[in-house]
Amino acid sequence: MERVRYAVVGAGWISQIAFLPAVAQVRQAEVATIVSGNRDAAGRLAGFHGIPEVLEYADYDALLASDRIDAVYIALPNSLHADFAIRALKAGKHALVEKPLAPTLAECKAMIAAAQASGAFLMTAYRLHHDPGTCEVLARIREGVIGDPRVFSSVFAFQSDAGNHRLKARHWGGPLQDIGVYCLNAARHVFAAEPVEVAAMGSLGDDDPRFTEVEESVAVTLRFPKGRLAQFVASFGADARDSYMVLGTKGTIEVDPGFRFETDVMFRQYSDGAKTGSGVGQDCDHFAAQLAYFSDCILCGSPPEDDGAEGMADVAIMRAIEAAMASGRSQEIALPARPSHPGPGTARHLPRTNRRLVL
């Protein structure tokens, strides 16, 4: 196999604006099929990107039973991730699944079990694990440029459009699941550890009709081993912002912007309030980097770093956050240490493209 043949399952906004345009940048991958409930839109996308086949969801199992694809990229609402991934993994097809991996720990475990049984790889789509700028920030922290990292603080917010499926409880929507997961995942890898306790509060906003099913905003505090603390706010009802800051014993790193795929990571380094350095991440298409990495894993037979267990860890913590919000009491967390973290080996550098069709 020289190239991995993917089926894109779900032809919505993220597939249109980010994933499908990225594929042309990746020599190890191609899209052979789009599986969608909107055949007309999928047909237009297929024509634009030169994809030979468009199928409906009813044809999914037959596709998996065929030899026309090697892997799937699942970009469906959160509630559908497990079903479509497990069916693919049981058929021996590798699965790249958008985050959060699934709404429940039981579903995450079933996805991991399906991958283990078939030998196919399951990867959670943490694109920032493959962004050179993000990996550089993590490398600086691990090299001790700010001393021992003690405090992590982050904000990720924007105004969500009314009617978006991310505002629906049945799809496990909400700012925590959609954008708070970036802050949470960053904190875990900044400290290279799992949190042991969480406290949290949520807000439904001020009579905003968008937030009848999910929170407008969530505020989270996490305790990590060695007395380290992380805080973040995620909001669907505030001005657009995506940034994080890490305070160490000898300095601080501010990363702004830090999470969005449309912009390059920018960081500034300080010591005792004085600026000591700065940098801009390489111009990189996050989705192309992610796809290149997963395709390399498949072609080389090497399991991905951001595997199903990595996705399940965030789900476990988010469920503890929800329990803390509902009860008003902090929740203890017990998770195994991760065997690895994002770094130079997970980074890929592929340039962005402006060639896209958004319907």
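How each quantity is defined
- Residues numbered from 1 in each chain as written.
- Predicted model: local features only at pLDDT ≥ 70, side-chain atom pairs only at ≥ 80, totals over all residues.
- Heavy atoms only, no water.
- 1 Å grid on protein atoms, 1.4 Å probe; cavity = no way out; pocket = protein on both sides within 12 Å on 5 of 7 lines; lining within 4 Å.
- Points joined across faces, edges and corners; volume = space filled by probe spheres on them.
- Helix = DSSP H or I, 4+ residues; strand = E, 2+ residues; numbered from the N terminus.
- Buried < 20%, exposed > 50% of the residue type's maximum accessible area, 1.4 Å probe, protein only.
- Arc of directions from axis to C-beta.
- Contact = heavy atoms within 4.5 Å.
- Pairing = 2+ DSSP bridges.
- Axes fitted to C-alpha atoms, helices over the stretch in contact; angles between N-to-C directions.
- Parallel < 35°, antiparallel > 145°, perpendicular 65-115°, else oblique.
- Left-handed = near helix turned anticlockwise from the far one by under 90°.
- Nonpolar A, V, L, I, M, F, W, Y, C, P; charged D, E, K, R; others polar.

So, on to the layout of surface pockets. In this structure, the largest pocket spans a volume of roughly 870 Å³. As for the largest pocket, its lining consists of 33 residues, and the residues nearest its centre are Trp-13, Ile-14, His-165, Arg-166 and Asp-178. Taken together, the elements giving at least two residues each to the lining of the largest pocket come down to helix 1 (13–23), strand 7 (149–159) and helix 7 (175–190). The dominant element in the lining of the largest pocket, judged by the number of residues it contributes, is helix 7, at 4 residues.

Taken together, the buried positions of helix 2 (residues 39–49) are Ala-41, Ala-42, Leu-45, Ala-46 and His-49. Buried residues along helix 2 cover an arc of 135° about the axis, so they all sit on one side. In helix 2, the exposed positions that point more than 90 degrees away from the buried face belong to Asp-40, Arg-44 and Gly-47. On its buried face, helix 2 is in contact with helix 1, strand 2 (29–35) and strand 3 (53–55).

So, on to the side chain of Ser-15. With respect to the secondary-structure elements, Ser-15 resides in helix 1. Sequence-distant contacts of Ser-15, that is, excluding residues within four places in its chain, are made with Val-8, Gly-10, Leu-20, Pro-21, Tyr-73 and Ala-75.

Okay, the sheet that holds strand 14 (residues 274–280) next. Read from one edge of the open sheet, 9 strands run 14-13-12-11-7-10-9-8-15, paired in mixed fashion. In this open sheet, the two strands that pair with only one neighbour each are strand 14 and strand 15 (331–332). Bridge count for strand 7 against strand 11 (residues 237–248) is 9 bridges, and the pairing is antiparallel. When the bridges of strand 11 are listed, Ser-154 appears paired with Tyr-244. This element, helix 9 (residues 308–327), spans strand 8 (197–203), strand 9 (217–223), strand 10 (229–235) and strand 15 of the sheet and lies at about 60° to strand 8.

Contact pair helix 7 / helix 9: the axes reach a minimum separation of 10 Å and the direction vectors enclose 115°. Judged on the interaxial angle alone, helix 9 and helix 7 are roughly perpendicular. Viewed along their axes, helix 7 and helix 9 form a crossing whose handedness is right-handed. Between helix 7 and helix 9, the contacting residues are Leu-176, Gln-177, Val-181, Leu-184, Asn-185, Arg-188 and His-189 on the first element and Glu-310, Ala-313, Asp-314, Ile-317, Met-318, Ile-321 and Glu-322 on the second. For the contact of helix 7 with helix 9, the per-class residue count stands at 7 nonpolar, 3 polar and 4 charged.

As far as function goes, none of this settles anything; it's purely spatial.
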